[in-house]
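Descriptive analysis of the structure
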Amino acid sequence: MPAAKNPQSIDTASNPPLADPERQTAAGKVLWRFTMSLDGFVAGPNHAMDWMTGVPSRPGLIEEYAQTTGAVLGGRDGFDVHPDASGIYGGAWQGPVFVLTHHPEDAQPATGVTFLSCDVAEAVRIGLEAAGGRNLEVFSSTIGRQLLERGLIDDIDLHIAPVLLGDGIRLFDNPGAAPVRLELLTGEDHSATVNVRYRPIATGTTSHSD
């Protein structure tokens, strides 16, 4: 994922990192992975990612992703805004990146990036083969939704950031469709809700403890 630019004025440095259910493993899975705002956006308008600046993650998590990811599959819109594949996981990961597009002929060439014009299922097959037994990370909300409809997503791997964006690219934008039921992979009750509790903080200030 490209490195964030233009830091926001909200300071979250004093907040503890988000908890993760388990260490990441390289199991040849198709992972739909995003850091997501509390209101369900995975990018701001025009795929802006600056809102992620200052949001910490669990220590060692980026290194785990760098070790377990074999290939990345993304969409054309996101690539056109963030064409530098060397910024994925802050530059800690290098590997094959595939961009699925209807018009590869006008795509700007980029080092390590292969443009595909095929069915999403075929794109997954190509990506998994290139991943060599490690995970294929899906960095596109549109492609992820299509793969979910095909039953080709193994896990949805989300990290909820303490921010409300209000606008941008939603993780799952599918008006009129039936709800998609998910199984929670943490805890004893796999159908339970996930409870989080936040308080608004004023711009330029830090949160305080109860």
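Per-chain numbering applies: the sequence of each chain, read as written, is numbered from 1 onward. Local features in this predicted model are restricted to residues whose pLDDT is 70 or higher, and side-chain atom pairs enter the listing and the counts only when it is 80 or higher, whereas totals over whole chains, interfaces and linings include all residues. The basis for every side-chain value is the complete set of non-hydrogen atoms in the structure, without hydrogens or water.

**A few points about the overall build of the chain**
- Every helix listed is a DSSP run of H or I at least four residues long, and every strand listed is a run of E at least two residues long, numbered separately from the N terminus. Helix and strand counts for the chain stand at four helices and eight strands.
- For the chain, the succession of helices and strands along the chain, N to C, is β-β-α-β-α-β-β-α-β-α-β-β.
- Here's how the labels work: a residue is buried when its accessible area is under 20% of the maximum for its type, exposed when over 50%, partly exposed in between, all with a 1.4 Å probe on protein chains only. Per-residue burial for the chain yields a buried fraction of 34% across its 210 residues.
- Residue contacts are counted whenever heavy atoms from the two residues lie within 4.5 Å of one another. Partitioning the intrachain contacts of the chain with sequence separation of at least 6 by distance along the chain shows that 79% fall at a separation of at least 24.
- Looking at the chain as shown, the accessible area adds up to about 12,000 Å², and 52% of this sits on carbon and sulfur atoms. With residues, only the protein chains shown are counted as cover, and all accessible areas are computed by Shrake-Rupley using a 1.4 Å probe.

**Notes on helix H4 (residues 141-150)**
- Those residues of H4 that sit buried are Ser-141, Ile-143, Gly-144, Arg-145 and Leu-147.
- On its buried face, H4 is in contact with strand E1 (30-37), strand E3 (69-75), strand E4 (97-100), helix H3 (120-131), strand E6 (135-139) and strand E8 (169-170).
- Here H4 starts with a cap whose side-chain oxygen sits 3.4 Å from the backbone nitrogen of Thr-142, and that cap is Ser-140.
- One or two positions beyond H4, positive phi appears at Gly-151, with a value near 75°. Nitrogen and oxygen atoms within 3.5 Å of one another constitute a polar contact, given that in protein one can donate a hydrogen and the other can accept it, and given that sequence-neighbouring residues count only through two side-chain atoms.

**Considering the sheet that holds E3**
- A sheet is described by the order of its strands in space; here six strands give the open sequence E5-E4-E3-E6-E1-E7, paired in parallel fashion. The open sheet has two free edges, formed respectively by strand E5 (113-116) and strand E7 (155-161), since each of these has just one partner strand. Adjacent strand axes in the sheet meet at a mean angle of 25° when their direction is disregarded.
- Whether two strands pair depends on DSSP finding at least two bridges between them. Two elements, E3 and E6, share five bridges in a ladder whose sense is parallel. Angles run from 0 to 180 degrees between N-to-C directions of axes, and those axes are lines fitted to C-alpha atoms, restricted for helices to the stretch in contact.

**With respect to helix H1 (residues 61-68)**
- Residues of H1 that are buried include every one of Leu-61, Glu-64, Tyr-65, Ala-66 and Thr-68, and no others.
- Buried-residue contacts for H1 involve E1, E3, E6 and E7.

**Quick word on the nonpolar core**
- To form a nonpolar core, buried Ala, Val, Leu, Ile, Met, Phe, Trp, Tyr and Cys residues must be joined to one another through side-chain atoms within 4.5 Å. Formed by 20 residues in total, the largest nonpolar core has its most connected members in Leu-73, Leu-100, Val-138 and Leu-147.
- Every element with two or more residues in this core is listed here: E1, E3, E4, H3, E6 and H4.
- Those residues in contact with Leu-147, other than ones at most four positions away along the chain, are Val-30, Val-120, Val-124, Val-138, Leu-152 and Ile-153.
- Core analysis: the next-biggest nonpolar cluster, separate from the first, contains 13 residues, Phe-79, Tyr-89, Val-99 and Phe-139 among them.

**Considerations on a nonpolar patch on the surface**
- For patches, a residue must show more than 30% relative accessible area and have no salt bridge; joins then use 9 Å for like charges and 5 Å for nonpolar side chains, namely Val, Leu, Ile, Met, Phe, Trp and Tyr. Should a side-chain nitrogen of Lys or Arg be within 4 Å of a carboxyl oxygen of Asp or Glu, the pair is scored as a salt bridge. Taken together, the side chains of Leu-38, Leu-164, Val-194, Val-196 and Tyr-198 define a hydrophobic patch exposed on the protein surface, amounting to about 470 Å² of accessible area.
- Positionally, Tyr-198 belongs in the segment after E8.
- Given the relative accessible area of 37%, Tyr-198 is considered partly exposed.

**Regarding the pattern of salt bridges**
- According to the stated counting rule, one finds eight salt bridges in the structure shown.
- The shortest N-O distance in the salt bridge between Arg-125 and Glu-122 comes to 2.7 Å. In this pair, Arg-125 and Glu-122 both sit in helix H3, three residues apart, roughly one turn of the helix.
- Residue classification places Arg-125 among the partly exposed residues on the basis of a relative accessible area of 42%.
- Here the salt bridges share partners, and the residues they tie into one network are Arg-76, Asp-80 and Asp-106.

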